[in-house]
Amino acid sequence: MHDQRTRALGFGPGITDEHDAEPSAAELAEIECEWSLIAAELDLLDAEITALSAEGHASKLDRRRVRRAERRVLEVSRELAAEGVSITPGEAVA
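First things first, this report covers the structure right here in the doc. (Residues numbered from 1 in each chain as written. Predicted model: local features only at pLDDT ≥ 70, side-chain atom pairs only at ≥ 80, totals over all residues. Heavy atoms only, no water.)

## Things to note about the packing of helix H2 (residues 25–33) against helix H3 (residues 35–52)
Note the following rule: Orientation is described by lines fitted to C-alpha atoms, with helices fitted over the stretch in contact, and by angles between N-to-C directions that extend from 0 to 180 degrees. Counting from the N terminus, the helices are DSSP H or I runs at least four residues long and the strands are E runs at least two residues long. Oblique is the label for any angle not under 35 degrees, not over 145, and not in the 65 to 115 range, which are roughly parallel, roughly antiparallel and roughly perpendicular in turn. We call two residues contacting when some pair of their heavy atoms lies within 4.5 Å. Residues are grouped as follows: Ala, Val, Leu, Ile, Met, Phe, Trp, Tyr, Cys and Pro are nonpolar; Asp, Glu, Lys and Arg are charged; all remaining types, including Gly, are polar.
Relative to each other, H2 and H3 sit at 55°, their axes nearing to 4 Å. It follows that H2 is oblique to H3 by the angle criterion. Where H2 approaches H3, its residues Ile31, Glu32 and Cys33 are matched on the opposing element by Trp35, Ser36 and Ile38. Taken together, the residues of the contact of H2 with H3 break down into 4 nonpolar, 1 polar and 1 charged.

Put into structure tokens, the structure is as follows:
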């Protein structure tokens, strides 16, 4: 029963609980490297939520905030690409 539970949760052999499945040092380093993009995407999401919650009456300031956030995501993506950081398709918002 225990093996069935761990397999159903998607854990490999030796990992019996989601708390045992911690990120590796390499994964943590990758997150740290991509943190500027993650932050830019969160800012974009926040701007989009604000504009959408205006229910069709988004102000010019709301629209400008979304455009700036989109440009920032693109800018950070270009910077990471120039540094040789590869981002798999679907990870970046823009």
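## Re the environment of Ala40
By the element assignment, Ala40 lies in helix H3. C-alpha separation for the pair Ala40 and Val73, spaced 33 residues apart in sequence, amounts to 5.3 Å. Once residues lying within four places of it in the same chain are set aside, the contact partners of Ala40 are Arg72, Val73 and Val76.

## Topic: helix H4 (residues 60–82)
Condition: Between the first and last residue of a helix there are one fewer steps than residues, each counted as 1.5 Å, and that sum is the expected span. Relative accessibility decides the category of a residue: with a 1.4 Å probe and only protein chains considered, values under 20% of the type maximum give buried, values over 50% give exposed, and everything between is partly exposed.
Compared with the 33 Å implied by 1.5 Å per residue over 23 residues, the 33 Å span of H4 between its first and last C-alpha is a close match. Those residues of H4 lying buried are Asp62, Val66, Ala69, Val73, Val76, Ser77 and Leu80. Check the buried side of H4 and you find it contacts H2 and H3. Backbone geometry just after H4 places Gly84 at a positive phi near 90°.

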